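Residue-level structure breakdown
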Amino acid sequence: MYEGIRSPAIHVPKSMTDLLSATSRFPNAIYWAGGTYIMSRHDYYPTKDSNDIISLNEIPDLKRINRTDRYLEIGSMVTISQLLQIGKQVLPDPLTQTLQALGTRIIRNQATIGGSLCTGDLRLAISGTLAVLRTEIEIKKLDAPRSDSRWITTGKLYDRSGALTLDKHEMITRVRIGFDREDFSIFLSAGNPMYNPQESVNLALVCSYNQSVITNFRFCFTMPTGGFHQFQDIEVLARGTMLPFSPNHIARLAKMLGEAIDNSHVTVSLLQKERAKRFFEVALHQLNTQSLIER
Amino acid sequence: MKIECTIDGKRILLTVNSNKPLNSILMEDVEQSNFNAKCSDGNCGNCVVLLNDTAVLSCLIPAFRLRNAHVLTFEGYRRTRFWHDIERAYEDAKSHPCPLCHASKTLIFESLLRTIGKTEEKESTDSNLDDEAVVKELGLNRCMCLEANEIIEIFNSAANYRRRRRVRRN
Ligand SMILES: Cc1cc2nc3c(=O)[nH]c(=O)nc-3n(C[C@H](O)[C@H](O)[C@H](O)COP(=O)(O)OP(=O)(O)OC[C@H]3O[C@@H](n4cnc5c(N)ncnc54)[C@H](O)[C@@H]3O)c2cc1C
């Protein structure tokens, strides 16, 4: 039935050293984490030119979870379920909510944190949430005979259109989540990125304030096929504002957000843009409510 | 690629492409298999099987992950005693999934029933199985033949049977 279909070679390195040598010997092989994204592409199988595969599943370094008093460090092959098992006390709230919204348990048992950050043409909610939490990502460049590493913030992993900025032979090895908490955080999500990517929108927003004056304000929108949006001008404008925001102020910021999305030149559907504006308003109203309750 | 694994209790030697999805293997390479789910991109949720006792979408499992694995399809599962808990729950609720999604929905229910004991042992952010969570989990199978209230009724009833079974065993 499938004549001429090549059976790709599978390489299963057992250590980072093995991985380095597999990458240099098979430069066109793809990294395989949970495989949920790779296998859900419409052209996955059968196809004539499947690349060889490097399975990351048996490298203990990539499955490690370390906790210090300042941060949690997770290997890229830790699954979403394993991450959730760490528990609410340790994970920041918006991250817990983001992970719980990622598919169902059957998917979360298989999908990994590294794979979720590297889904080629789909930008998932987890990228935005990790970006506003200022999570750091360790990138390893596997160019034999050496491998170099560097740490970057999640926001640097994508350009504005949402495209991954990783070079060939670069991979994510660890994710570091700090324990600093902001005073307010929210995660809002609509639509499933796999079933209706042109409708789905996710917002993660965090804020800190001191005597009702905003000292820190960060937010990120992810839209599966419509990019990764952090708008620093709006963040800067919000900082220094006295809470609560007035209804006019909220309407002005939401309007600015709409214009910023238009100016980003990324294809965003009308529904996504409308949802983004509404989510932003909801987040600001909830921030108002929390700040008033605490007075 | 040659792979030895166990499918519904039978040891099998497969010769398949290394990246072939398990659902296609079950339909094309395993003799006497009644498995029938040709979705191949995770979008319909009609191909759930148990892989080493954990529910998976078989269209998202490549052949190379099957080495020495134990696969249980619905055909094999319905020969186990666990099936009766769900079968009786369908009777109690007087609602059954349609023939197209019956196997997958049943195996999703089974995977949820297996987490009940674990939930009581360990407090994890992914173990909270309230009604909303049960309905969401079943939503992986996109067939809309059961209403949310029917799903909840079936699950609660099956969970009662399962708890009683555990108490008897202990
Ligand atoms: C049925 C279904 C429902 C879903 N629902 C949701 C949902 O509701 N919300 C949501 O956010 N997502 C959803 N998803 C998407 C899911 O989150 C992704 O498929 C998953 O996170 C990818 O992780 P993985 O480990 O399986 O990656 P893989 O599929 O293994 O890999 C994904 C990509 O990343 C690359 N890669 C993997 N690891 C690394 C690494 N360490 N360094 C560099 N590159 C790497 C791979 O080469 C590949 O290109 C759903 C998916 C399915 C199939």
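Residues numbered from 1 in each chain as written. Chains lettered and ligands numbered in written order. Predicted model: local features only at pLDDT ≥ 70, side-chain atom pairs only at ≥ 80, totals over all residues. Heavy atoms only, no water.

**What to know about the overall build of chain A**
- Within chain A one finds 10 helices and 12 strands.
- Here chain A has a C-alpha radius of gyration of 20 Å; the compact-globule value for 295 residues is 19 Å, and the two agree.
- Judged by the C-alpha coordinates and their principal axes, chain A covers about 65 × 45 × 35 Å.
- Each of the 295 residues in chain A was classed as buried or not, and the buried ones make up 53%.
- Pairs at least 24 apart in sequence give 66% of the contacts found in chain A among residues at least 6 apart.
- Taken as a whole, chain A presents about 13300 Å² of accessible surface, with 48% of it coming from carbon and sulfur. (Helix = DSSP H or I, 4+ residues; strand = E, 2+ residues; numbered from the N terminus. Rg over C-alpha atoms; globule rule 2.2 N^0.38 Å. Buried < 20%, exposed > 50% of the residue type's maximum accessible area, 1.4 Å probe, protein only. Contact = heavy atoms within 4.5 Å. Areas by Shrake-Rupley, 256 points an atom, 1.4 Å probe, with all protein chains shown as cover.)

**A short note on the overall build of chain B**
- For chain B, the count of helices and strands is 6 helices and 5 strands.
- Overall, chain B shows an N-to-C arrangement of helices and strands of β-β-α-β-β-β-α-α-α-α-α.
- Relative to the 2.2 N^0.38 estimate, which gives 15 Å for 170 residues, the radius of gyration of chain B is 16 Å and therefore close to what a compact globule would have.
- Expressed along its principal axes, the backbone C-alpha trace of chain B runs to roughly 45 × 35 × 30 Å.
- Contacts in chain B between residues at least 24 apart in sequence constitute 59% of all its contacts with a sequence separation of at least 6.
- Split by element, the accessible area of chain B, about 8300 Å² in all, is 47% carbon and sulfur.

**Thoughts on the site of the ligand**
- Around the ligand, 29 residues are found, and the nearest of them are A:Tyr31, A:Gly34, A:Gly35, A:Thr36 and A:Thr112.
- The environment of the ligand is shared, with nearby residues belonging to chains A and B.
- For the ligand, an oxygen atom lies 2.9 Å from a polar atom in the side chain of A:Ser116.
- Taking A:Cys118, its main chain carries an N or O atom lying 3.3 Å from an oxygen atom of the ligand.
- When the ligand sits alone it has 980 Å² of accessible area, and the protein chains cover 93% of it.
- Looking at the shell around the ligand, its residues break down into 17 nonpolar, 12 polar and no charged. (Near = heavy atom within 4 Å. Polar contact = N/O pair within 3.5 Å; in protein donor to acceptor, adjacent residues only side chain to side chain. Nonpolar A, V, L, I, M, F, W, Y, C, P; charged D, E, K, R; others polar.)

**Here's the deal with helix α10 (residues 270-293) of chain A**
- The terminal C-alpha atoms of α10(A), which comprises 24 residues, lie 35 Å apart, in line with the 34 Å expected from a rise of 1.5 Å per residue.
- Looking at the packing, one finds that the buried side of α10(A) touches β9 (184-190), β10 (201-210), β11 (213-223), α8 (232-238) and α9 (247-263) of chain A. (Expected span 1.5 Å × (residues − 1).)

**Some remarks on helix α5 (residues 131-138) of chain B**
- Of the positions making up α5(B), those classed as buried are B:Ala133, B:Val134, B:Glu137 and B:Leu138. Looking straight down α5(B), one finds its buried side chains confined to an arc of 135 degrees; they lie on one side. (Arc of directions from axis to C-beta.)

**Digging into the pairing of β11(A)**
Residue and element names in this part refer to chain A.
- Along β11, 8 of the 11 residues are buried, which leaves the element largely enclosed by surrounding structure.
- Where β10 lies against β11, 9 bridges are found, and the strand directions are antiparallel. Looking across to β11, one finds that Ala204 is bridged to Cys220.
- The loop that links β10 with its antiparallel partner β11 comprises 2 residues; one of these, Gln211, has a positive phi angle of about 45 degrees.
- Bridge analysis of β11 against strand β12 (residues 227-229) gives 3 bridges, and the strand direction is antiparallel. By the bridge assignment, Phe221 is partnered in β12 with His229.
- Taking the residues between adjacent antiparallel strands as the criterion, β11 and β12 are bridged by 3 residues. (Pairing = 2+ DSSP bridges.)

**As for the confidence of the model for chain B**
All names here are of chain B.
- Averaged over all residues, the pLDDT of chain B is 91; the fraction at 70 or higher stands at 91%.
- Of all the helices and strands in chain B, helix α4 (residues 102-121) carries the lowest mean pLDDT, 85, while strand β5 (residues 70-72) carries the highest, 98.
- Taken together, the chains of this predicted complex give a pTM of 0.95 and an interface ipTM of 0.94. (pLDDT = per-residue confidence, 0-100.)

**Regarding the environment of A:Leu122**
- Along the chain, A:Leu122 turns up in the loop between α6 (113-117) and α7 (125-132).
- Residues contacting A:Leu122, with those up to four places away along its chain left out, are A:Tyr37, A:Arg41, A:Pro193, A:Met194, A:Pro197, A:Pro224 and A:Thr225.

**Some thoughts on the packing of aromatic side chains**
- Summed over the entire model, instances satisfying the criterion amount to 14 aromatic pairs over all chains.
- The ring of A:Tyr71 carries A:Arg176 above its face, with NZ or CZ at 4.4 Å from the centroid.
- Here B:Arg114 stacks its cationic end above the ring of B:Phe82, 5.5 Å away from the centre of that ring. (Phe/Tyr/Trp six-rings, centres within 6.5 Å; stacked < 30°, edge-to-face > 60°. Lys NZ or Arg CZ within 6 Å of the ring centre and 35° of its normal.)

**Side note on the interface of chain B and chain A**
- Contacts between the two partners involve 39 residues from chain B, matched on the other side by 39 residues from chain A.
- Interface of chain B and chain A: buried area, both sides summed, is about 3200 Å²; carbon and sulfur atoms make up 51% of it.
- The shortest N-O distance in the salt bridge between A:Arg108 and B:Glu137 comes to 3.6 Å.
- Seen at the junction of chain B and chain A, the total is 10 residue pairs in polar contact (both at pLDDT 80 or more).
- Those elements giving two or more residues to the side of chain B that touches chain A turn out to be β4 (54-57), α4 and α5 of chain B.
- The residue inventory of the side of chain B that touches chain A, partitioned by class, reads 16 nonpolar, 12 polar and 11 charged. (Buried area = accessible area lost by both parts, 1.4 Å probe. Salt bridge = Lys/Arg side-chain N within 4 Å of Asp/Glu carboxyl O.)

**Comments concerning the environment of A:Ile74**
Residue and element names in this part refer to chain A.
- Relative to the helices and strands, Ile74 resides in strand β5 (residues 71-75).
- Taking the C-alpha atoms as reference points, Ile74 and Ile113, 39 residues apart in sequence, are found 8.5 Å from one another.
- Excluding residues within four positions of it along the chain, Ile74 makes contact with Arg64, Ile65, Leu83, Thr173, Arg174, Val175 and Ile177.

**Section: the packing of α5(B) against helix α6 (residues 148-169) of chain B**
All names here are of chain B.
- The interhelical angle for the contact between α5 and α6, taken along N-to-C directions, is 105 degrees, at an axis separation of 9 Å. Classified by the angle between their axes, α5 and α6 sit roughly perpendicular to one another. For the pair α5 and α6, contact is made by Asp131, Val134, Val135 and Leu138 and by Ala148, Ile151, Ile152, Phe155 and Asn156, respectively.
- Looking at the contact of α5 with α6 residue by residue, the class counts come to 7 nonpolar, 1 polar and 1 charged. (Axes fitted to C-alpha atoms, helices over the stretch in contact; angles between N-to-C directions. Parallel < 35°, antiparallel > 145°, perpendicular 65-115°, else oblique.)

**What to know about the environment of A:Arg252**
- Positionally, A:Arg252 belongs in helix α9.
- In the structure, A:Arg252 is positioned 206 residues away from A:Pro46 in sequence and 51 Å away in space, judged by C-alpha atoms.

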